[in-house]
Amino acid sequence: MDVLNPKTYDAEEDMLSERTNYSAMDKLILPMEFQQAPVSTGTTIVAVEFDGGVVIGADTRTSAGSFVMNRFTDKLTQLTDRIYCLRSGGAADTQAIAEIVTYQLDFLAAEMNEPPLVRIAANCVRRLIYQYRDDFVAGLIVAGWDKKLGGQVYSCPLGGLLCRQPISLGGSGSTYIWGYLDNNYRPNMTKQECYDFVLKAVTLAITRDGSSGGCARLAIIDKDGVERIDVLGNDLPKVYDL
Amino acid sequence: MISTFNPFETHYDSINDKDDFNIGNSNKNHTVNPLETEAERNIRTRTVTPIVTGSSVAAFVFNGGVILAADVLGSYGSLAKYRNLPRIHQVNDRTILALGGDLSDADYIKEAIDAKVEEDLVQEDGSEMTPLALYSWCTRLMYHRRTKLNPFLTSVIVAGIENNEPFLGRVNDKGSAYKEFLIMTGIANHLAQGWIRTILENSNQLNKEQAEHLMDRIIKQLFYRDCRAFARYRVCIVTKEGVEFKAKEVQPDWSLAPGLHNTE
C-alpha cells in the first residue's frame, strides 16, 4: 500500500484477484472447528471523555475463529504522545492503519512544530478507512488530549465516518454493553468514575463475548501524560456470573 | 417423470425434455416435480448448523479408572449465553456419557438413553447398561441419522468400567466410533491431544491425584486458547468404587500481561 501514490485501477490486477480462494475449499473438507478464519481482534473497546482527558480500555484477546492467537494483546496503540487509538476488526488492517497514521502524524508534528490535534489524527484514520473501504475491515476509536479542545473521543467505524462522541464503544463485545452504557453513563463524570465505568464495561463484555477475554488494559490520557493500567483477569471486578 | 404425467392434457411428444424451447402453451411451465422417494423428501436442502454449542470434552484413562472434564457453558455463536449446562451425565454406577457440540441434539440423546435405563429398571432383572453396550448403541444411532443426511451435530463420549477394566470411547456426528486411552472432542483435539498423548504414553499409568492434576492443567490450557471456553467446569472420575463429580473453576495465570505492552 503506497501512501503517497494511492491505488489506481489496474485491469490485470483486478482479474488476478479472482484467483482461486483456497480457504474456500476448507469449508467443504474440514470440520467446523479446524477451518482457518481471518485473524480479527474480535474485541471490546471503550473510550470515555472527561473534563481534562480521556479514559480508554480494551480486552486482550486476538482470535482466529475459535482459537485464541494472543491472550495478551495490546489494543491500545499509541499514535502520538497524547493520542491513542483502539483497534477492532481485522488485525492486519488495523495495524497497517495505525502504523501509517503514526508516520503521518510524526511528519505533521515536525512540520507544525507542535503536537497534532486529536481531530487531525482521527481524520487521518478516517481518510484511510474511507479510501479503502471495500477492502478494509477496520473500526477504530481515536482518543486523546490536546491543548485546543482537551479530552476528545472520535469514532471511525467501518465505512469511513468520523464522529465525535463523549463515549464510544466498539468491537464485537460492545453489543453486550450498550445496555450498561445506557443505564450507567452520565455526562460530566469524574476521572475515577470514568475509570470504574470503563473497567466494569470491559469486564461485562469479556464475561459474555467469546471473542473478548483475558485481562483489561486501560489508559488515562490527560495533559500530564498517559497512565497505563493493566487489570489482570483474576482482578477484574466481580459481576454476576451464574 | 411419472409424477408430471397428466392424461387429460394434450401430449405433443413422448420425450419430456425440460430444456426444449416452449413455443405455445405447455403445462410444463407451471408444474413442480414433487420429491418422489422418501430419501429425497427427508434430505436437507440447506446446511443445518449447530445453534447452542458446548465446547470441548477431555477424557483419559488412568490407573484404576477414567477421568473426564467439560465446562458448563452453552454458547450461542460467540455469546456465552447459558452458563449452567453440565455436559457430563451419569447413566448408572459405572457408565458416564459426555457430550459436546450442538446441545439440543445432546439433550435428545440423553433423554433417549435415560428412557432406555428406565425400561431396564422396570424389567427388574438386574441387568444394567454397560459402557460397551451404550457405546455400540450410540454408534448405531449416530450412523443411522447420518445415512438419512440429518446428523446429530454432537460428539458423544462414553466412559466407564467394563469387565473391571476402564472403558473410553467416542462417536462423532458421522457415526465414526473408536476406543482409546485418550479422547478429546472439539478444538481440544488441536490444543491438547498432542502433548497429553506424549505425557500419557511416556508415563506409567497415573494415579488418581496425578490424573486430576493433569486434567486441571488441560482445562486451564483450553481456557487460555479456546474462545468458547468458560472458567467453571465439571470433572468426573469413574472407578470401580463408583462415580464422583467435582465442580471446579480455572485459576488462570495472567502475570505476563504487564510485560507485554505494544504487542499486537
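So, how was this worked out
- Residues numbered from 1 in each chain as written.
- Chains lettered and ligands numbered in written order.
- Predicted model: local features only at pLDDT ≥ 70, side-chain atom pairs only at ≥ 80, totals over all residues.
- Heavy atoms only, no water.
- Pairing = 2+ DSSP bridges.
- Helix = DSSP H or I, 4+ residues; strand = E, 2+ residues; numbered from the N terminus.
- Axes fitted to C-alpha atoms, helices over the stretch in contact; angles between N-to-C directions.
- Contact = heavy atoms within 4.5 Å.
- UniProt positions renumbered as here; feature names shortened; annotations may be inferred.
- Polar contact = N/O pair within 3.5 Å; in protein donor to acceptor, adjacent residues only side chain to side chain.
- Buried area = accessible area lost by both parts, 1.4 Å probe.
- Salt bridge = Lys/Arg side-chain N within 4 Å of Asp/Glu carboxyl O.
- Nonpolar A, V, L, I, M, F, W, Y, C, P; charged D, E, K, R; others polar.
- 1 Å grid on protein atoms, 1.4 Å probe; cavity = no way out; pocket = protein on both sides within 12 Å on 5 of 7 lines; lining within 4 Å.
- Points joined across faces, edges and corners; volume = space filled by probe spheres on them.
- Core = buried A, V, L, I, M, F, W, Y, C linked by side-chain atoms within 4.5 Å.
- Buried < 20%, exposed > 50% of the residue type's maximum accessible area, 1.4 Å probe, protein only.

A few words now on the sheet that holds strand S13 (residues 225-231) of chain A. Backbone hydrogen bonds hold the strands of a sheet together, and the pairing may be parallel or antiparallel. Residue and element names in this part refer to chain A. Strands sit in the order S11-S2-S3-S12-S13 across an open sheet of 5 strands; the sheet is antiparallel. Among the strands making up the open sheet, the edge pair consists of strand S11 (167-170) and S13. Strand after strand, the sheet turns through a mean of 10° between neighbouring axes, direction not considered. Inspection of the sheet shows strand S3 (residues 53-59) paired to strand S12 (residues 216-222) by 7 bridges, in the antiparallel sense. Bridging across to S12, Ala-58 finds its partner in Arg-217. Strand contacts of helix H6 (residues 191-208): strand S2 (45-50), S3, S11, S12 and S13, with the helix running at about 15° to S3, the strand carrying the most contacts.

Residues and elements named next belong to chain A. Mapped onto this numbering, the UniProt entry annotates "active site" (unreviewed entry) at Thr-43. Ignoring any residue separated from it by four or fewer positions in sequence, one finds Thr-43 in contact with Asp-59, Lys-75, Arg-87, Ser-88, Gly-170, Gly-171, Ser-172, Gly-173, Ser-174, Asp-209, Ser-211 and Ser-212. For Thr-43, the side chain forms a polar contact with the side chain of Lys-75, separated by 2.4 Å.

Contacts between chain A and chain B engage 35 residues on the former and 31 residues on the latter. Across the chain A/chain B interface, buried area totals approximately 3,100 Å², and carbon plus sulfur atoms make up 51% of it. Of all residues in chain A, the largest losses of buried area upon contact with chain B belong to Arg-71, Phe-72 and Arg-208 of chain A, amounting jointly to 22% of the total for that side. Linking chain A with chain B are 2 salt bridges, by the criterion used here. Two residues, Arg-83 of chain B and Asp-241 of chain A, come together in a salt bridge whose shortest N-O distance is 3.4 Å. Our enumeration of links across chain A and chain B arrives at 15 residue pairs in polar contact (both at pLDDT 80 or more). For the side of chain A that touches chain B, the elements supplying multiple residues, two or more each, are strand S5 (67-70), H6 and S13 of chain A. Take the side of chain A that touches chain B: its biggest share by element is 4 residues, from S5 of chain A. When its residues are assigned to classes, the side of chain A that touches chain B shows 11 nonpolar, 13 polar and 11 charged.

Okay, the environment of Ile-199 of chain B next. Examined against the element boundaries, Ile-199 of chain B turns out to sit in helix H5 (residues 193-201). Once the C-alpha coordinates of Ile-199 of chain B and Leu-214 of chain B are considered, the two residues, 15 residues apart in sequence, prove to be 9.6 Å apart.

Turning to empty space enclosed by the protein, a few remarks are in order. Residue and element names in this part refer to chain B. One pass over the structure, following the stated rule, counts 2 cavities of 30 Å³ or more. Of the volumes computed, that of the largest cavity is approximately 70 Å³. Together, Ser-55, Ser-56, Ala-70, Asp-71, Ile-219, Leu-222, Phe-223, Asp-226, Ala-229 and Phe-230 line the largest cavity. Elements that contribute at least two residues to the lining of the largest cavity include exactly strand S3 (65-71) and helix H6 (208-225). If one sorts the elements of the lining of the largest cavity by residue count, H6 sits on top with 3 residues. Split by residue class, the lining of the largest cavity holds 6 nonpolar, 2 polar and 2 charged.

For the rest of this paragraph, the subject is the nonpolar core. The biggest cluster of nonpolar side chains holds 33 residues, and the ones touching the most others in it are Phe-60, Ile-67, Met-184, Ile-196 and Ile-218 of chain B. Every element with two or more residues in this core is listed here: strand S2 (57-62), S3, strand S11 (182-185), helix H4 (188-191), H5, H6 and strand S12 (232-239) of chain B. With 8 residues, the single largest contributor to this core is H6 of chain B. In contact with Phe-60 of chain B, other than residues within four places in its own chain, are Val-66, Ile-67, Leu-168, Phe-181, Leu-182, Leu-200, Leu-206, Ala-211, Leu-214, Met-215 and Ile-218 of chain B. Membership of the second largest hydrophobic core comes to 26 residues, among which are Ile-177, Ala-201, Ile-220 and Val-231 of chain A.

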